[in-house]
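# Working through the structure, step by step
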Amino acid sequence: MVGEKAVVKGDIICASCDFWGKIDGNFYVKDTLSLKAGCTVDGDLHVKRLCVELDAKFNGNCRMIAEGEFDKLVAGVTGVPAPTKQQ
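The rules we used
- Residues numbered from 1 in each chain as written.
- Predicted model: local features only at pLDDT ≥ 70, side-chain atom pairs only at ≥ 80, totals over all residues.
- Heavy atoms only, no water.
- Pairing = 2+ DSSP bridges.
- Helix = DSSP H or I, 4+ residues; strand = E, 2+ residues; numbered from the N terminus.

## Some words on the pairing of strand S5 (residues 27-35)
Two strands pair when backbone bridges link them, and strand S2 (residues 12-14) and S5 are joined in this way by 3 bridges, in the parallel orientation. Directly across from isoleucine 13, in S5, lies its bridge partner tyrosine 28. Relative to S5, strand S3 (residues 17-19) is paired through 3 bridges, and the arrangement is parallel. Note on S5: the bridge partner recorded for phenylalanine 19 is leucine 35. Here S5 pairs with strand S7 (residues 45-52) via 7 bridges, running parallel. Note on S7: the bridge partner recorded for phenylalanine 27 is leucine 45.

Right, here's the structure in full:
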C-alpha cells in the first residue's frame, strides 16, 4: 500500500499495490495494481492486472504483461539477472 500523502520519485517494483499517492516514475507490478481515487501517476505501467477508480489520474503508457514477463522486465530495469528455474 502507498498512502495518499506519499510522493514517490522513481520506479516502484512490487507484487501488488494499492496506490493513493503521487508518483513520478514507472510501475512494474507482478500481479495487480489498483489506482485509487485521487492518486496521480506520471509514468508507465507494466502490470498483469489493472484497476483504476474514478478520479485517479494517469499520464503515461500501459502495458499488460504475461505472468512470466515480470522477472525479465525487472532484470532489464535493475540490472539484476532474472532468477533461473532449477530442474
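## What about unusual backbone geometry?
Within the chain, aspartate 55 stands out as a residue other than glycine whose phi angle is a positive 75 degrees. Looking at the element boundaries, aspartate 55 is found in the loop between S7 and strand S8 (57-59).

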